[in-house]
Amino acid sequence: MDVSTLPIYNYSYSYLFVTWKADIMYLTRLKLNNTGPIDHADIVLKFNSDGSPKPIIFVGQNGAGKSIATAYIVNALIAAHGTIFEDSDVEKGKVYKLRSPTYIRNGATYSTAELDFSNGFRVREGQFSKQKNQYEAPFPNYSKWNEVPEDETSHYSTNFHERINELRKDLNNNTHIFFPPNRFEEPACE
């Protein structure tokens, strides 16, 4: 095969391999609003008839939001890990992906992420271009808006601490995570 005649596509992909055993913590939903180049995405993950998850692969042009979507998943898993392990790869209170106004989509005043897992664990994240007390209706579409302190521009919420023993069991016995080598450039945001 002469590779010089093959078409070249300006696409890349993001991948994250995560396996869990049945009846444990599967990612079931990823909802993003105004995040990087993503206006709105509500991804409900599919499962096989035996209850095992179908794989998901993000495919798109460079700068389409694949890395930022993957980063939210990675951040949730690292937050779960940091909740129960002293020797977490990321220090307590830190995140894999920095919450920053630079990730708010151009022209928007906020970005949000919601991740749901099959066993009821969840992560909610909001980033706002100004303090909560400076917003007037309509307010950002964020399920935890009432929990955001008046003088804050960022909010992060999980329920991992509410069920530490179950989380510890899940992560110790059933979770296997593989992260491919990190990219060295910042994900593109438009």
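Scoring rules and cut-offs
Residues numbered from 1 in each chain as written. Predicted model: local features only at pLDDT ≥ 70, side-chain atom pairs only at ≥ 80, totals over all residues. Heavy atoms only, no water. Salt bridge = Lys/Arg side-chain N within 4 Å of Asp/Glu carboxyl O. Helix = DSSP H or I, 4+ residues; strand = E, 2+ residues; numbered from the N terminus. Buried < 20%, exposed > 50% of the residue type's maximum accessible area, 1.4 Å probe, protein only. pLDDT = per-residue confidence, 0-100. Contact = heavy atoms within 4.5 Å. Phe/Tyr/Trp six-rings, centres within 6.5 Å; stacked < 30°, edge-to-face > 60°. Lys NZ or Arg CZ within 6 Å of the ring centre and 35° of its normal.

Structural notes on the pattern of salt bridges
The full count for this structure, using the stated rule, is nine salt bridges. A salt bridge links Arg29 to Glu114; its shortest N-O distance comes to 3.8 Å. With Arg29 in strand β3 (residues 27–35) and Glu114 in strand β6 (residues 110–117), the pair connects residues that are 85 residues apart, well separated along the chain. As far as burial versus exposure is concerned, Arg29 and Glu114 are alike and both buried. For the salt bridge of Arg29 with Asp116, the shortest nitrogen-to-oxygen distance reads 3.5 Å. Here Asp116 lies in strand β6 and Arg29 lies in strand β3, a separation of 87 residues in the sequence. Connected through salt bridges with shared partners, the residues Arg29, Asp42, Glu114, Asp116 and Arg124 form a single ionic network.

Quick word on the confidence of the model for the chain
With 72% of its residues at a pLDDT of 70 or more, the chain has an overall mean of 78. Considering only residues more than four positions removed or in separate chains, one finds that residues 1–22, a stretch of pLDDT under 50, has 43 contacts. Segment residues 180–190 is flagged for pLDDT under 50; beyond a separation of four residues in sequence, or across chains, it makes 16 contacts in the model.

Quick notes on the packing of aromatic side chains
Throughout the structure, instances matching the rule amount to seven aromatic pairs. Centroid distance Tyr135 to Trp145: 5.5 Å. Interplanar angle 90°. Geometry classified as edge-to-face. Here Tyr135 is found in the loop between β7 (122–128) and β8 (154–158), whereas its partner Trp145 is found in the loop between β7 and β8, with 10 residues between them in sequence. Taken individually, Tyr135 and Trp145 each receive the classification buried, so the pair is uniform in this respect. In this structure an aromatic cluster arises from ring pairing among Phe128, Tyr135, Phe139, Tyr142 and Trp145. The ring of Tyr135 has Lys130 lying over it, and the distance from NZ or CZ to the ring centre is 4.9 Å. The side chain of Arg163 reaches across the aromatic face of Phe121, ending 4.2 Å from its centre.

Here's the deal with unusual backbone geometry
In this model, Asn34 sits at a positive phi of 55°, which is unusual for a non-glycine residue. Residue position: Asn34 is located in strand β3.

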